[in-house]
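Spelled out, the chains give:
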Amino acid sequence: MKHFAILTALLLPQFSHAGDLQLTLNGTGFSGKNLYVAVHSSAADFPVRDAKAIKSTVVASGHSTELLIPNIAPGEYAVAVFADVNGNGALDNNFIGIPKEPVGMSRDAKGKFGPPKFADAAFKVGTGLTQQTIQIK
């Protein structure tokens, strides 16, 4: 029992320092469609390689959809979202790689001749509630 108390005392602070991320996803024309969200912690993976990202899916409801992602370790993150208009579970692009479905990034970051950079979309998550509003176009 003594070892359990020591282990709990050591591990509890790690769990109590997580934060929550509240996303407000705004856009029109895709109510009832799946919104795929990827929360990235690495510039190397943003925005297309989401193997290490925190992923979530939510159904769009009207012009504004809320999504809470709990227990995120404090740090720097960037979010990429797309609306799956045709329901195939993937972001469709044209022949030169431009998305054919609505997309959005945290801090409404825009790319020049390609996707936005992690630094342009990045924001900090602390131990409390962090809120981000993303326009999906």
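Preceding this section is the structure that the text describes.
Notes on the structure follow. (Residues numbered from 1 in each chain as written. Predicted model: local features only at pLDDT ≥ 70, side-chain atom pairs only at ≥ 80, totals over all residues. Heavy atoms only, no water.)

## Things to note about the packing of aromatic side chains
This is how it is decided: Any pair of Phe, Tyr and Trp rings, taking the six-membered ring for Trp, is counted once the centres come within 6.5 Å. Such a pair is stacked with planes under 30 degrees apart, edge-to-face with planes over 60 apart, and tilted for the rest. Helix and strand assignments come from DSSP, with helices taken as H or I runs of at least 4 residues and strands as E runs of at least 2, each series counted from the N terminus. Buried, partly exposed and exposed residues are distinguished by accessible area as a fraction of the type maximum, computed with a 1.4 Å probe on protein chains only: under 20%, between the cut-offs, and over 50%, respectively.
For the coordinates displayed, the defined rule picks out two aromatic pairs. With centroids separated by 5.0 Å and ring planes inclined at 15 degrees, the aromatic side chains of tyrosine 36 and phenylalanine 82 adopt a geometry described as stacked. Of this pair, tyrosine 36 sits in strand E2 (residues 34-40) while phenylalanine 82 is found in strand E5 (residues 75-84), placing the two residues 46 residues apart along the sequence. Given the relative accessible area of 13%, phenylalanine 82 is considered buried.

## Some details on the pairing of strand E8 (residues 129-135)
Side-chain direction in a regular strand flips from residue to residue, so the side chains alternate between the two faces of the sheet. As a reminder, the rule being used: What makes two strands pair is DSSP finding at least two bridges between them.
Burial along E8 is one-sided: the face carrying Thr130, Gln132 and Ile134 is buried and the face carrying Leu129, Gln131, Thr133 and Gln135 is not. Across seven bridges, the pairing between strand E1 (residues 19-26) and E8 is parallel. Looking across to E8, one finds that leucine 23 is bridged to glutamine 132.

## Thoughts on the sheet that holds strand E4 (residues 64-72)
Inclusion rule: Between the N-to-C directions of two axes lies an angle of 0 to 180 degrees, each axis being a line fitted to C-alpha atoms and, for a helix, fitted only over the stretch in contact.
Taken together, three strands build an open sheet; the order of strands is E4-E1-E8 and the sheet is mixed. Both outer strands of the open sheet, E4 and E8, are each paired with one neighbouring strand and no more. On average, each strand axis in the sheet is tilted by 20 degrees relative to the strand beside it, whichever way the strands run. As paired strands, E1 and E4 are joined by seven bridges and run antiparallel to one another. Counterpart to leucine 23 in the pairing with E4 is leucine 67.

## So, a nonpolar patch on the surface
Formally: Exposure above 30% relative accessible area and the absence of a salt bridge qualify a residue for a patch, where like charges join within 9 Å and nonpolar side chains (Val, Leu, Ile, Met, Phe, Trp, Tyr) within 5 Å. The method behind every accessible area is Shrake-Rupley, applied with a 1.4 Å probe, and residues are considered shielded solely by the protein chains displayed. What counts as a salt bridge is simple: a side-chain nitrogen of Lys or Arg found within 4 Å of a carboxyl oxygen of Asp or Glu.
Residues Phe95, Ile96 and Ile98 make up a contiguous nonpolar surface patch of roughly 400 Å² in combined accessible area. Mapping phenylalanine 95 onto the fold places it in the loop between E5 and strand E6 (103-105). Judged by relative accessible area, which is 81%, phenylalanine 95 ranks as exposed.

## Here's the deal with unusual backbone geometry
The phi angle of most residues is negative, glycine excepted, and most peptide bonds adopt the trans form. With an omega of -5 degrees, the peptide bond running from phenylalanine 46 to proline 47 counts as cis. Looking at the secondary structure, you find proline 47 in the loop between E2 and strand E3 (54-59). For arginine 107, which is not glycine, the phi torsion reads 60 degrees and is therefore positive. Within the element layout of this structure, arginine 107 appears in the loop between E6 and helix H2 (118-121). Classification of arginine 107 by relative accessible area gives partly exposed; the value is 49%. Phi at phenylalanine 113 takes a positive value of approximately 60 degrees, unusual for a residue other than glycine. The topology assignment puts phenylalanine 113 in the loop between E6 and H2. Taking the relative accessible area as the measure of exposure, phenylalanine 113 reaches 90% and is therefore exposed.

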